[in-house]
Amino acid sequence: MRSSNPVFSRRGFSRDGYAGFQAGQAQAGNPYAQSAAKGNAYAQPQAGNPYAQPQQGTQGFPPAAPPQADRMTMDDVVSRTAMTLGTVVAAATVAWVTNVGLGVALIALLVAFGLGLWQSFKAKASPPLIIAYAVFEGVFLGAMSNYVNQYAPGAAMQAVIGTMAVFGAVLFLYKSRIIRVNARFTRFAIAAGMGYALLCLVNLGFALFGAGDGWGFRTGGIGILMGIAGVLIASLFLALDFKQVEDGIAYGAPREESWLAAFGLTMTLAWIYFEFLRLAWILNSSD
């Protein structure tokens, strides 16, 4: 399973066998199972247990590597995610209080987008880069929230509540296995996300080149339907992120990967928040 987030898709610590840590894989189903002859500390040659180490001299295997303590845990993911989300909230608060204009917000969005792509193509997680992304993403969201809230009072709080509700609902559905993230689910989510992004880009193009509101995706009934679709598609991506975190922990990913997990979750939650903010704007402005 590939992640919804490009930073994860290059690593893919997943049971379904995608690239990233999978190079030189010797054991099917475990992306951390590497050939011991290549000196990989994550080698796990015993089938069925990703943590099992072979006994010295058993079946021709070399001596077992010492236990690895520097592995990703749920506490690592939670703490890093709290740091990145906290940075987004802090930057958003500053942007709101200082009444940052929409021009600066657009620049912050472009910088955040660039930093996100930069991290996506890096071989390893860069905490300073991820925190910088969170700062600029927060400036954009804070400025937009302040602007929307002036014309639709309460929109920002509605978006926060909606985002928290979606996070809790998707987490419950995922943990209870009502949502099963498999290859079919992943293909559907990625196709839906690409289609939605393409529609939004086309609509933006029409709006920028003199077609007013483009195809009407930001107002009225069509805008509401598009907003709901955006929230639903982002929710699918959130389930993909949960899958990546679960598999990373299960297969003993390096601790630094917790920063990538936090990065991915932050991107998806920011997307969900923005969709709810847009929905709140449309619903309040139509009253």
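Below is a short write-up of the structure. (Residues numbered from 1 in each chain as written. Predicted model: local features only at pLDDT ≥ 70, side-chain atom pairs only at ≥ 80, totals over all residues. Heavy atoms only, no water.)

Counting through the fold element by element, A253 comes out in the loop between α7 (220-250) and α8 (257-285). Classification of A253 as buried rests on a relative accessible area of 0%. For the pair A253 and R71, spaced 182 residues apart in the sequence, the C-alpha separation amounts to 5.6 Å. (Helix = DSSP H or I, 4+ residues; strand = E, 2+ residues; numbered from the N terminus. Buried < 20%, exposed > 50% of the residue type's maximum accessible area, 1.4 Å probe, protein only.)

A positive phi angle, near 55°, is found at N99, a position not held by glycine. Note on placement: N99 falls in the loop between α2 (74-97) and α3 (102-120). A positive phi angle, close to 65°, is found at R177, a residue other than glycine. Topologically, R177 is positioned in the loop between α5 (155-175) and α6 (183-208).

With that settled, consider the pattern of salt bridges. For the coordinates displayed, the defined rule picks out 6 salt bridges. With a closest N to O distance of 2.6 Å, R177 and E246 form a salt bridge. With a gap of 69 residues between them, R177 in the loop between α5 and α6 and E246 in helix α7 connect regions that are remote in the sequence. You can call R177 partly exposed: its relative accessible area is 35%. The salt bridge involving R278 is made with E275; its shortest N-O contact spans 3.0 Å. Residue R278 and its partner E275 are located together in helix α8, separated by 3 residues, close to a single helical turn. Accessibility assignment for this pair places R278 and E275 in one class, buried. One connected set of salt bridges, linked through shared partners, spans D70, D76, R80 and R255. (Salt bridge = Lys/Arg side-chain N within 4 Å of Asp/Glu carboxyl O.)

Function cannot be read off these values alone, since they describe shape.
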